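Reading the structure
So you can see what is in the structure, the chains are spelled out below.
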Amino acid sequence: MKVLTLNFLTCAVKACKSSPASHPLHPKDAELVQDELEVNPDMIVNVLPRLDWTALRTTSSELGFPPLPDQPPTAEELEADDKKLKDLHHLLLETSISEGKLVCGNCGHEYAVKEGIANFLLPSHLV
Amino acid sequence: MEFIIKFAQTHETFRVAEIESLAVVEKLDLKIIEYDADSPVCVVQLPSVEDAKRLIKRSILAQSIHELWGQGLTLDELHESVKKNTPHLWPQYKMACFKFDMDAYRGAHTSKGRLAIINTFSYLPFEGPISLSKPNEVFTVFEQWKHNSVPLGIEFPDKIWMGRFLANSARDLVLKYDLKKRDYISTTSMDSELALITANISLAAPGKMFYDPFAGTGSFPIACAHFGAMTWGSDIDGRSMRGDGAKKSLYGNFEQYGLRAGFGDVFTSDMTNSPMRRVPMWDGIVADPPYGVREGLRVLGLKDPEKTPWLIEAGIKKGKDPDYVPPKKPYSFLAMLDDILVFASETLVENGRVSFWMPTANDEDQEIPMPTHPCLETVSVCVQAFYKWSRRLITYRRIPNREVSQAALEAYAARQKVVNTGTSADDLNPFRNGYFKGFKTDE
């Protein structure tokens, strides 16, 4: 599961949706893989305003990446600075969790990630 | 300028929806001048030749586009129209290497007859060499005949057009993505032609993000990725996406077609208990929800919690076990459609589109009504008809919030929710019920 995807997801339990603690999910015992992909500047610029930057900063530090700036870069900054674009591309799209768990900060439920595919199905008492 | 679009004579109700969507993708000012579901020839207006080529390059249902030189109900009328409209173009092609071609829909000519018609254009001052194999310019005479014209002995076509060939469409993609040549498919994989058309109608394009909540083996994500979108998918059945791993998996299909860069992610989840944040993030949502005939429609939960308390216990005790399989229950198809629209209204960006397939009986009394949502405006309804039922590809546009009617939103919030009336698959799903009864009306 890519870091970008993690930014779009929260706990599947309905009661957790309204709690700020449920986002982002926290990686636990995560094995990371790097997959080289061609940089797609249009895609990065398009996705920028849809990101929860605060959550991305949390995820990035939890995965051991150097700290991200407080504020997201602007589209112009990314277009002007190739390194910034590549770093963000690397974090969002080239880095993924292949094995491990994702933990909700609100209810503590753990979602397993196997072979890069996370499982968000819930037992019946949580539906 | 006017152009002839030559369509494939198939999936007729999808053709205009596709071409109009492509005009939106390419930001072209398209006007349809003449269209008939019964004819493969469509006349459109566009600002330039370059625009015409751009419009057609992704189309699955068009075959080619031509600069319109003339039209008429008879050959004489056609010549009159060519002589009136195109003399200013003639000098450009004076020395060009060219050929003439005939395309008679539902009609036939002997090769002598074809040659005779082509020779009636001898007034065009073309002095360049004629090449049948490698011409630089191709002029095509399109004819439209009445149905059954040959056995009925009809002598003349109903209408004739002439145009200069500009560009071919992307119709050959249908073969490239043919399911027979795909490494990993299942019984419900969408055929490549309809998947590619769905991607076109939902405006998949480079830089955009697409999501398929019923991904299965990935037919839609692959089609959207082909057109440059980055695609995400989920399915309640993780096995359908994993397959046997490597080549025989959803991701394996992306690799087969060299579309790795268009693969976002897949994860296992249930539409009614989705982990997705409810913020605008998707440019497009495409879906072929299970309607309970070939594939059961199930969501998380217990069918009868009171009778099976041990299943709840097991969930509490073993819920965290990696091999635990949560129980699922049958769900109403109409409630699912409603859920999809609510989800789309919450997660589509402004003007983003949601396209999904839904089946219905052809019999009017048993027809399943189209779901609606105040934040979503219907863009197109395309129908693929079978004998007693048909499936429709319905596409909506997310209206910007400032344009959404507040009164309609309030009325929607207060509406009677689609409730699960019953617990068995038949009770929950009128289409499934009708399907297995052969859509017979009750005596």
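Residues numbered from 1 in each chain as written. Chains lettered and ligands numbered in written order. Predicted model: local features only at pLDDT ≥ 70, side-chain atom pairs only at ≥ 80, totals over all residues. Heavy atoms only, no water.

Looking at an unreviewed UniProt entry, chain B carries the name tRNA (guanine(10)-N(2))-methyltransferase, with the source organism given as Bionectria ochroleuca. For the record of chain B, the UniProt heading Sequence similarities (unreviewed entry) holds the text "Belongs to the class I-like SAM-binding methyltransferase superfamily. TRM11 methyltransferase family." (UniProt positions renumbered as here; feature names shortened; annotations may be inferred.)

Under an unreviewed UniProt entry, the name given to chain A is Trm112p-like protein, and the organism recorded is Bionectria ochroleuca. Word for word, the UniProt comment on chain A under Sequence similarities (unreviewed entry) is "Belongs to the TRM112 family."

As a further point, take the overall build of chain B. Counting its secondary structure elements, chain B contains 15 helices and 16 strands. Taking all 443 residues of chain B together, the buried fraction comes to 55%. Relative to all contacts within chain B whose residues are 6 or more apart in sequence, the contacts with residues 24 or more apart total 73%. Accessible surface for chain B amounts to roughly 20,200 Å². Of this, 52% is attributable to carbon and sulfur atoms. (Helix = DSSP H or I, 4+ residues; strand = E, 2+ residues; numbered from the N terminus. Buried < 20%, exposed > 50% of the residue type's maximum accessible area, 1.4 Å probe, protein only. Contact = heavy atoms within 4.5 Å. Areas by Shrake-Rupley, 256 points an atom, 1.4 Å probe, with all protein chains shown as cover.)

Across its full length, chain A carries five helices and four strands. The order of helices and strands in chain A, counted from the N terminus, is α-β-α-α-α-α-β-β-β. Taken against the 2.2 N^0.38 rule, which gives 14 Å for 127 residues, the C-alpha radius of gyration of chain A at 15 Å falls within 12% of a compact globule. Taking all 127 residues of chain A together, 50% fall into the buried category. Look at the contacts in chain A between residues 6 or more apart in sequence, and 68% of them connect residues 24 or more apart. Side-chain charges of chain A comprise 11 positive and 19 negative groups, with the mean position of each set lying 8 Å from the other. (Rg over C-alpha atoms; globule rule 2.2 N^0.38 Å. Lys, Arg positive; Asp, Glu negative; His and termini not counted. Charge placed at Lys NZ, Arg CZ, Asp CG, Glu CD.)

Now for the pattern of salt bridges. Residues and elements named next belong to chain B. Scanning the model with the defined rule gives 27 salt bridges over all chains in all. The salt bridge partner of arginine 164 is glutamate 67, with a shortest N-O separation of 3.0 Å. Placement of the pair is arginine 164 in strand β7 (residues 159–168) and glutamate 67 in strand β4 (residues 62–72), with a sequence separation of 97 residues. What makes arginine 164 buried here is its relative accessible area of 10%. (Salt bridge = Lys/Arg side-chain N within 4 Å of Asp/Glu carboxyl O.)

Attention now goes to the packing of helix α3 (residues 53–62) of chain A against helix α5 (residues 82–94) of chain A. Residue and element names in this part refer to chain A. Closest axis-to-axis distance for the α3/α5 pair is 12 Å, and the angle between their directions is 80°. Regarding the angle of α3 to α5, the classification is roughly perpendicular. For the pair α3 and α5, the contacting residues are Trp53, Leu56 and Ser60 in the first and Leu88, Leu91 and Leu92 in the second. Looking at side-chain class alone, the contact of α3 with α5 contains five nonpolar, one polar and no charged residues. (Axes fitted to C-alpha atoms, helices over the stretch in contact; angles between N-to-C directions. Parallel < 35°, antiparallel > 145°, perpendicular 65-115°, else oblique. Nonpolar A, V, L, I, M, F, W, Y, C, P; charged D, E, K, R; others polar.)

We now examine the sheet that holds strand β16 (residues 389–398) of chain B. All names here are of chain B. Strands sit in the order β10-β9-β8-β11-β14-β16-β15 across an open sheet of seven strands; the sheet is mixed. Two strands bound the open sheet, and with one partner strand each, they are β10 (263–268) and β15 (376–385). Within the sheet, the average angular offset between the axes of one strand and its neighbour, ignoring direction, is 15°. Two strands pair when backbone bridges link them, and strand β8 (residues 209–212) and strand β9 (residues 230–235) are joined in this way by four bridges, in the parallel orientation. (Pairing = 2+ DSSP bridges.)

Once that is clear, we can look at the packing of helix α7 (residues 192–201) of chain B against helix α8 (residues 219–226) of chain B. Residues and elements named next belong to chain B. Axis separation between α7 and α8 bottoms out at 8 Å; the angle between their running directions is 55°. In this view, α7 runs oblique relative to α8, as classed from their interaxial angle. Viewed along their axes, α7 and α8 form a crossing whose handedness is right-handed. Across from Ala195, Leu196, Thr198 and Ala199 in α7, the residues of α8 making contact are Ser219, Phe220, Ala223 and Cys224. Broken down by class, the residue content of the contact of α7 with α8 amounts to six nonpolar, two polar and no charged. (Left-handed = near helix turned anticlockwise from the far one by under 90°.)

Our next topic: α7(B). Residues and elements named next belong to chain B. Among the ten residues that make up α7, ten are buried, leaving the element largely enclosed by the rest of the structure. In this structure aspartate 191 caps α7, since a side-chain oxygen of it lies 3.0 Å from the backbone nitrogen of glutamate 193. Of the residues one or two after α7, leucine 203 is the one with positive phi, at around 70°. (Polar contact = N/O pair within 3.5 Å; in protein donor to acceptor, adjacent residues only side chain to side chain.)

Looking now at the sheet that holds strand β3 (residues 110–114) of chain A. All names here are of chain A. Strand order in the open sheet formed by four strands is β1-β2-β3-β4, with antiparallel pairing between adjacent strands. Unpaired on one side and paired on the other, β1 (26–34) and β4 (117–118) mark the two borders of the sheet. Bridging between β3 and β4 involves two bridges; their strand directions are antiparallel. Directly across from lysine 114, in β4, lies its bridge partner isoleucine 117. The sheet contacts of α5 involve β1 and β2 (95–103), and relative to β2 the element is tilted by about 55°.

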